[in-house]
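# What the coordinates show
Listed below are the residues making up each chain.
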Amino acid sequence: MKEDLTKRGIEEKISTMGDYVKISYLSLCLKKTLDFDARKFTLLTLAKLYEERKMFNEAGKMMSFAADINTTFNGKINDFIRSTELFIKGGSYDDADMSFKKALITANTSQKNEIKNRVKEMYKVQAKEHLSNDKRKNALEAYEKLLTLELNSIEKEEVKSKLLNLYESLGKVREFYNMKKSIM
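Keep in mind it's a predicted model, so treat the numbers as computed, not measured.

What counts, and where the lines are drawn
- Residues numbered from 1 in each chain as written.
- Predicted model: local features only at pLDDT ≥ 70, side-chain atom pairs only at ≥ 80, totals over all residues.
- Heavy atoms only, no water.
- Phe/Tyr/Trp six-rings, centres within 6.5 Å; stacked < 30°, edge-to-face > 60°.
- Buried < 20%, exposed > 50% of the residue type's maximum accessible area, 1.4 Å probe, protein only.
- Helix = DSSP H or I, 4+ residues; strand = E, 2+ residues; numbered from the N terminus.
- Expected span 1.5 Å × (residues − 1).
- Contact = heavy atoms within 4.5 Å.
- Axes fitted to C-alpha atoms, helices over the stretch in contact; angles between N-to-C directions.
- Parallel < 35°, antiparallel > 145°, perpendicular 65-115°, else oblique.
- Left-handed = near helix turned anticlockwise from the far one by under 90°.
- Nonpolar A, V, L, I, M, F, W, Y, C, P; charged D, E, K, R; others polar.

Before going further, it helps to spend a moment on the packing of aromatic side chains. One pass over the full model with this rule turns up two aromatic pairs. Their ring planes at 80 degrees and their centres at 5.2 Å tell us that Phe-176 and Tyr-177 sit as a pair that is edge-to-face. Overall, the relative accessible area of 11% leaves Phe-176 in the buried class. Among the residues examined, Tyr-177 registers a relative accessible area of 49% and is labelled partly exposed.

Our focus in this paragraph is helix H5 (residues 73–89). In this model, H5 (17 residues) spans 24 Å end to end at C-alpha, consistent with the 24 Å of a helix rising 1.5 Å per residue. All of the buried residues in H5 are Gly-75, Lys-76, Ile-77, Asp-79, Phe-80, Ile-81, Ser-83, Thr-84, Leu-86, Phe-87 and Ile-88. Contacts from the buried residues of H5 go to helix H3 (36–52), helix H4 (56–69), helix H6 (93–106) and helix H7 (109–132). A positive backbone phi angle near 75 degrees is found at Gly-91, which sits one or two residues after H5.

Okay, the packing of H6 against H7 next. At their nearest, the axes of H6 and H7 sit 10 Å apart, and the two run at 160 degrees to each other. If you check the angle between H6 and H7, you find them roughly antiparallel. The handedness of the crossing between H6 and H7 is right-handed. In this structure, H6 contributes Tyr-93, Ala-96, Asp-97, Phe-100, Ala-103 and Leu-104 to the contact, and H7 contributes Lys-112, Ile-115, Lys-116, Val-119, Tyr-123 and His-130. Within the contact of H6 with H7, the residues separate by chemical class into eight nonpolar, one polar and three charged.

Below, the structure is given as structure tokens:
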């Protein structure tokens with residue numbers, strides 16, 4: 001009997017599986033020829049499963065693939081932004097940049113500022129989360145990345161202040177003094 005690789009067929013098949021078996025099965029499905037709906041469903045389901053398992057970079061990849069095949073501009077933008085967020089959570093800032101840039105390319109002029117602000121907030125939230133979990137090195141990387149984005153003067157000073165404290169607490173003397181100079 002031929003395997004049913006429609007959205008409904010895949011849905012029925014995974015309904016009785018555990019998460020890791022679902023991940024394995026859905027990954028195999030992606031290697032086969034699927035119609036648009038089945039592929040989209042498979043990618044989004046995999047992204048959700050990976051995210052629930054805190055495998056953020058894998059989830060980000062699935063969302064990025066889903067964005068690539070999305071047929072509407074707003075759908076593409078939302079999927080790329082979601083992908084960006086997942087990559088940021090996974091600490092994969094280069095991949096986050098790629099998804100962020102793809103979202104900007106797809107967006108019209110009025111959407112670009114909103115996207116930039118949303119991504120800026122994602123980095124702020126992630127940096128604060130790292131700080132609250134005492135993951136200072138990860139917080140440092142997030143704040144350094146945040147400093148490369150378009151920030152207003154208040155935001156810039158705030159980020160520099162956080163970086164100054166992190167450089168000091170992590171014993172990064174040269175960076176500490178360079179940051180101190182740039183603040184003065």
